[in-house]
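# Observations on chain architecture
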Amino acid sequence: MSARVPATIITGFLGAGKTTLVRHLLQNAGGRRIAVIVNEFGSLGIDGALLAGCGIEGCDEDSIVELSNGCLCCTVADEFLPAMEALMDRPNPPEHIVIETSGLALPKPLLKAFSWPAIRARVTVDGVIAVVDGPAVAAGRFADDPEEVARQMAADPSLDHDNPLAEVYEDQLNAADLVLLNKTDLMGEAELARVLAAVNGALPRAVKVIPAREGRVDLAVLLGLAAQAEDDLASRPSHHDAVDGAHEHDDWESFVVDVGEQPTPEPLVARLRAAAQAHDVLRMKGFASVTGKPLRLVVQGVGARFRHEYDRAWRPEEPRGGSIVVIGRRGLDRPAIERAILG
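Presented here is an overview of the structure given in this document.

## Notes on the side chain of aspartate 133
You can see aspartate 133 is positioned in strand β5 (residues 123-133). A distance of 3.2 Å separates polar atoms of two side chains, one belonging to aspartate 133 and the other to lysine 183. In this structure, aspartate 133 is in contact with Gly15, Ala16, Asn182, Lys183, Val302 and Arg305, ignoring residues within four places of it in sequence.

## Focus: empty space enclosed by the protein
If you walk through the whole model with that rule in mind, you get 2 cavities of 30 Å³ or more. Volume-wise, the largest cavity comes out at about 50 Å³. Around the largest cavity, the lining residues are Gly12, Phe13, Ala16, Ala130, Val131, Val132, Asp133, Phe142, Tyr169, Gln172 and Leu173. Of all the elements in the fold, those that place two or more residues in the lining of the largest cavity are β5 and α8 (164-174). Among the elements that line the lining of the largest cavity, the one with the most residues is β5, at 4 residues. Among the residues making up the lining of the largest cavity, the classes are represented as 8 nonpolar, 2 polar and 1 charged. Roughly 40 Å³ of volume is contained in the second largest cavity.

## Some thoughts on the packing of aromatic side chains
Taken as a whole, this structure holds 0 aromatic pairs when the rule is applied. The cationic tip of arginine 296 hangs over the ring face of phenylalanine 287; the distance from NZ or CZ to the ring centre is 3.7 Å.

## Considerations on the packing of helix α11 (residues 265-279) against helix α12 (residues 334-342)
α12 packs onto α11 with a crossing angle of 155 degrees between their chain directions and a minimal axis gap of 8 Å. Considering their axes alone, α11 and α12 lie roughly antiparallel with respect to each other. Judged by the twist between their axes, the crossing of α11 over α12 is right-handed. Taking contact as the criterion, the partners of Leu268, Arg271, Leu272, Ala275 and His279 in α11 are, on α12, Ala336, Ile337, Ala340, Ile341 and Leu342.

## Let's talk about the environment of aspartate 232
Tracing the sequence through the fold places aspartate 232 in the loop between α10 (219-222) and β8 (252-258). Taking C-alpha positions, aspartate 232 is 9.7 Å from alanine 175, a pair spaced 57 residues apart along the chain.

Conventions we followed
Residues numbered from 1 in each chain as written. Predicted model: local features only at pLDDT ≥ 70, side-chain atom pairs only at ≥ 80, totals over all residues. Heavy atoms only, no water. Helix = DSSP H or I, 4+ residues; strand = E, 2+ residues; numbered from the N terminus. Polar contact = N/O pair within 3.5 Å; in protein donor to acceptor, adjacent residues only side chain to side chain. Contact = heavy atoms within 4.5 Å. 1 Å grid on protein atoms, 1.4 Å probe; cavity = no way out; pocket = protein on both sides within 12 Å on 5 of 7 lines; lining within 4 Å. Points joined across faces, edges and corners; volume = space filled by probe spheres on them. Nonpolar A, V, L, I, M, F, W, Y, C, P; charged D, E, K, R; others polar. Phe/Tyr/Trp six-rings, centres within 6.5 Å; stacked < 30°, edge-to-face > 60°. Lys NZ or Arg CZ within 6 Å of the ring centre and 35° of its normal. Axes fitted to C-alpha atoms, helices over the stretch in contact; angles between N-to-C directions. Parallel < 35°, antiparallel > 145°, perpendicular 65-115°, else oblique. Left-handed = near helix turned anticlockwise from the far one by under 90°.

Fair warning: the whole summary comes from geometry, so function is off the table for now.
This is how it looks when you write it as structure tokens:
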């Protein structure tokens, strides 16, 4: 039997920097044939388009399989197997496969899929890399106080204190063979030390935690972990083990706002930031056209933190316009958010 192709699973919450890490991998592939599977939460495939349009040699649209109809861990039976088989059946199959999961995905069901006979003989999980948004951890976005929750539940048993953010975050850490603590340039030394301690304390086993900026880590560190994670499921606990890995995403919703051409980027970004703050939006991401600019504007937001840049020229056949994906907890006031974004 020929050697199995290694696959790296990149997990991490919304906006942690997974796509940035994937782009870093492709930019530094050194001629290695790396195939990418991108999973999206939301009806507009922003992350796949970012990768496909990155302008990196060898990073063409045929190298990317984008799954856009829900979390990868929920759709593996429908799409994941065919995607993997299509990659492996190519005349020139990849030397490494990188799978970027949705920010709301639980990694463990995906790991279980690698034990299926159709995949197991041909692919192995080289490692699971969890990308952590350092400033988000510092802000306590994923923190729960179990004792306080227990007290509140005892006082009012009708209350539902389940925190999907904390569960998803913890499951992603629990599955990891390597943790990238990202966005360290946005934290001071004391804050970084505190977050490192918190992440290390949350890990169920000895896993290396590496501080990073923009996901820039040597590929020799990221690839070649040889974890064979599909054979090591017992050491990767999940909140959903008791229900065979099943989980629902009814707590989340997303929608797309068409923004049209913009005179300048700054007012759009200011409106997005204001909408995120006013309506507790977790994540915004998308593209826009700016009058007089030949390049496409990319906008990325996590909470109230936004960044924007021009990434590539508009293609002749593309309609110049813009679309922003909005992701948050179910119950978002869509009309109000759309009004705030469109001004």
